[in-house]
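# Results of the structural survey
Residue-level listing of the chains:
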Amino acid sequence: MAGALVAGGWGLFAGAALLVGAAVGSLFRVPAQWIALIMAFGSGVLISAVSFDLMGEAYEQGGVVPTACGAVAGAAAYSLANVVLARHGARHRKRSGGHQPSEKEQPGSGNAIALGALLDGIPESVVIGTSLLGGGSVGVATVAAVFISNVPEGMASAAGMKRAGRSRTYVFTLWAVIAVVSALAALAGYTLLGSASPSVLAAITAVAAGAILAMIADTMIPEAFEQAHLLTGLTTVLGFLVAFVVSHA
């Protein structure tokens, strides 16, 4: 029970970074290029975590086949769900500019954005719970990567919601709910998968890794590139290196 609570606490901690970013994005006028650079940095952090922690751990636990199949399944499931939500107004949920539609422009887009935020956050949280199962250092690196990447996600999304006419109450309620769901998802990952075989655990970890990588390509990097342009690559590499150092410290 204590381990499950620890996993839930780490999930809540990582999810709370969205609230921190949302507070900055909705209360202050942060230049769009700065938000984009932070988003690029967060993308690099997550790419590093997926490469060295999640995929590496999945390969060590289950080998090539479960890892590859899980990653493809995770990316496919995320992409399919993202297509459905995008058609209902959630395509630009992480954009800081004037891309997000208002409720008047597209009724129901607020609910789609909320569901899209859940879609983005659950794989990260589940993998936090599973990475803590062995009590090793992988969980710490993963939590750090998710936290660092969640801050710019919250900033960009909240700034975009503000420009679309959504209230601060909506913004903070959304991210507070996501933070709580992140805690529950991490707790569930730890509790429900504790007795899973190495192959099953490897596949599930790879599913989360594939979904996270698809999310980065579909939502985070486009926002970063639109505003930061030629600085996106360099900033992404810096984020990648920071997470690499953290995971090997």
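Residues numbered from 1 in each chain as written. Predicted model: local features only at pLDDT ≥ 70, side-chain atom pairs only at ≥ 80, totals over all residues. Heavy atoms only, no water.

### Quick look at the nonpolar core
General note: in soluble globular proteins, nonpolar side chains tend to be found buried as a group. Inclusion rule: Throughout, nonpolar core names a set of buried Ala, Val, Leu, Ile, Met, Phe, Trp, Tyr and Cys residues whose side chains join them through atoms within 4.5 Å. Relative accessible area decides the class of each residue, using a 1.4 Å probe on protein chains only: under 20% of the type maximum gives buried, over 50% gives exposed, and in between gives partly exposed. The secondary structure listing takes helices from DSSP runs of H or I that are at least 4 residues long and strands from runs of E that are at least 2 residues long, numbered from the N terminus. Whether two residues touch is decided by their heavy atoms; if any such pair falls within 4.5 Å, the residues are in contact.
One finds Leu-46, Leu-54, Tyr-78, Ile-128, Ile-212, Met-215 and Met-220 to be the most contacted residues of the largest nonpolar core, which totals 29 residues. Contributions of two or more residues to this core are made by α1 (2-27), α2 (32-62), α3 (64-90), α4 (109-131), α5 (138-163) and α7 (198-228). A total of 9 residues in this core trace back to one element, the largest contributor, which is α7. Once residues lying within four places of it in the same chain are set aside, the contact partners of Ile-212 are Leu-46, Val-50, Leu-54, Pro-123 and Glu-124. Counting 9 residues, the second largest nonpolar core, distinct from the first, contains Leu-18, Ala-22, Ala-158 and Met-161.

### Topic: the side chain of Ser-43
Note on placement: Ser-43 falls in helix α2. Look at Ser-43 and you get buried, because its relative accessible area is 0%. Look past the residues within four positions of Ser-43 in its chain and what remains in contact with it is Ile-216, Met-220, Ile-221 and Thr-236.

### Notes on the packing of α2 against helix α8 (residues 232-248)
We count it as follows: Helix axes are fitted to C-alpha atoms over the stretch in contact, other axes to C-alpha atoms as well, and angles between N-to-C directions run from 0 to 180 degrees. For classification, angles of less than 35 degrees are called roughly parallel, those exceeding 145 degrees roughly antiparallel, those between 65 and 115 degrees roughly perpendicular, and all remaining angles oblique. A clockwise turn of the near helix away from the far one marks a right-handed crossing, whereas an anticlockwise turn of less than a right angle marks a left-handed crossing. Amino acids outside the nonpolar list (Ala, Val, Leu, Ile, Met, Phe, Trp, Tyr, Cys, Pro) and the charged list (Asp, Glu, Lys, Arg) are all regarded as polar, and Gly is one of them.
Their axes nearest at 6 Å, the elements α2 and α8 cross at an angle of 45°. The angle between the axes of α2 and α8 places the two elements in the oblique class. For the element pair α2 and α8, the recorded crossing hand is right-handed. For the pair formed by α2 and α8, the contact residues are Leu-37, Ala-40, Phe-41, Ser-43, Gly-44, Val-45, Ile-47, Ser-48, Ser-51, Phe-52 and Asp-53 on the first element and Thr-232, Thr-235, Thr-236, Leu-238, Gly-239, Phe-240, Val-242, Ala-243, Phe-244, Ser-247 and His-248 on the second. Partitioning the contact of α2 with α8 into residue classes produces 11 nonpolar, 10 polar and 1 charged.

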